[in-house]
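Structure assessment
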Amino acid sequence: AQTVTQSQPEMSVQEAETVTLSCTYDTSENNYYLFWYKQPPSRQMILVIRQEAYKQQNATENRFSVNFQKAAKSFSLKISDSQLGDTAMYFCAFGEPGGTSYGKLTFGQGTILTVHP
Amino acid sequence: IAGITQAPTSQILAAGRRMTLRCTQDMRHNAMYWYRQDLGLGLRLIHYSNTAGTTGKGEVPDGYSVSRANTDDFPLTLASAVPSQTSVYFCASRDNLNTEAFFGQGTRLTVV
């Protein structure tokens, strides 16, 4: 079974600064997907960024980028130029590729990020 | 495009009562999932379904049951609710080509 660990229950950052959220995982799989989801106070789950394990290049989506270290099983999220709207709970998730487990997602515990003006 | 719709959005339920949380998707996704979210524990998988007619147990299945009579609907039933089932419940779906999981808006359930 896969496990995902987010060791930072809470983080804070000043508006316009950069913050990095940590995530480690454990798996014996070679092909998988990794995700960061954002959950604002509205409770909606919003996909921020995803990474395919077979790709060496780190994924980037506008102000959001990841540092994917496959050998170390680490998948951190960097938010640049933080905005007040980035305030939310962030979840790291491991996605199984298919087969008998058919794409189940395993989530970390979550990190509450607060952006201060 | 509605995506995934959950009902109700919130509910207060007396312990011992039976409750069904509804989930409907219009994306024709094969795989559907039920998660519960608890502070400090993240989202934990309760049950899943790979395709209509099949279901499987997740990490925390005890006290819950599901059915998948068709592609669109995946209801979650609490046969006899207990206070430890107080949580926010999310339904999600994923197709066999796209890697992203889509989530409903969640149901906040309080068992008293």
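Use the structure listed above.
The rules behind the values
Residues numbered from 1 in each chain as written. Chains lettered and ligands numbered in written order. Predicted model: local features only at pLDDT ≥ 70, side-chain atom pairs only at ≥ 80, totals over all residues. Heavy atoms only, no water. Helix = DSSP H or I, 4+ residues; strand = E, 2+ residues; numbered from the N terminus. Rg over C-alpha atoms; globule rule 2.2 N^0.38 Å. Phe/Tyr/Trp six-rings, centres within 6.5 Å; stacked < 30°, edge-to-face > 60°. Buried < 20%, exposed > 50% of the residue type's maximum accessible area, 1.4 Å probe, protein only. Lys NZ or Arg CZ within 6 Å of the ring centre and 35° of its normal. Pairing = 2+ DSSP bridges. Axes fitted to C-alpha atoms, helices over the stretch in contact; angles between N-to-C directions. Salt bridge = Lys/Arg side-chain N within 4 Å of Asp/Glu carboxyl O.

1. What to know about the overall build of chain B
Counting its regular elements, chain B contains zero helices and eleven strands. The N-to-C order of helical and strand elements in chain B reads β-β-β-β-β-β-β-β-β-β-β. Relative to a compact globule of 112 residues, whose C-alpha radius of gyration would be 13 Å, chain B shows 13 Å and is just as compact. Dimensions of chain B along its principal axes, counting C-alpha atoms only, are 40 × 25 × 25 Å.

2. Concerning the packing of aromatic side chains
One pair of aromatic rings is described through two measures. These are the centre distance and the angle between the planes. On inspection of all chains with the given rule, the structure shows 15 aromatic pairs over all chains. A centroid spacing of 6.3 Å and a plane angle of 80° characterise the contact between A:Phe68 and A:Phe75, whose relative ring orientation is edge-to-face. Seen from their ring centres, A:Phe91 and A:Phe107 are 6.2 Å apart, and the 90° between their planes marks the pair as edge-to-face. Here A:Phe107 lies in strand 11 (residues 105-107) and A:Phe91 lies in strand 10 (residues 88-95), a separation of 16 residues in the sequence. For A:Phe91, a relative accessible area of 1% puts it in the buried group. Grouped by ring-pair contacts, the aromatic residues A:Phe35, A:Tyr37, A:Phe91, A:Phe107, B:Tyr33, B:Tyr35, B:Phe90 and B:Phe103 constitute a single cluster. Over the aromatic face of B:Phe74 sits the side chain of B:Arg68, whose NZ or CZ is 5.9 Å from the ring centroid.

3. Let's talk about the sheet that holds strand 7 (residues 64-66) of chain B
All names here are of chain B. Here we have four strands laid out as an open sheet, ordered 1-3-8-7, and antiparallel in their pairing. If you trace the sheet from one side to the other, it starts and ends with strand 1 (4-7) and strand 7, each paired once. On average, adjacent strands in this sheet sit at an angle of 20° to one another, irrespective of strand direction.

4. With respect to the pairing of strand 11 (residues 107-111) of chain B
All names here are of chain B. Burial along strand 11 is one-sided: the residues Thr107, Leu109 and Val111 are buried and none of Arg108 and Thr110 is. Across four bridges, the pairing between strand 2 (residues 10-13) and strand 11 is parallel. Looking at the pairing, Ser10 lines up with Arg108 of strand 11. Bridging between strand 9 (residues 87-94) and strand 11 involves three bridges; their strand directions are antiparallel. Bridge assignment links Tyr89 to a residue of strand 11, and that residue is Thr107.

5. As for the pattern of salt bridges
Within this structure, the stated rule accounts for six salt bridges over all chains. Of the charged contacts in the structure, one is a salt bridge between A:Asp26 and A:Lys73, with a shortest N-O distance of 3.5 Å. Linking A:Asp26 in strand 4 (residues 24-26) with A:Lys73 in the loop between strand 8 (64-69) and strand 9 (74-79), this pair joins segments that are 47 residues apart in sequence. Across the salt bridge formed by B:Arg28 and B:Asp72, the nearest N and O atoms sit 2.9 Å from each other. Taken together, the residues span a long stretch of sequence, with B:Arg28 in the loop between strand 3 (19-25) and strand 4 (31-38) and B:Asp72 in the loop between strand 7 and strand 8 (76-78) at a distance of 44 residues.

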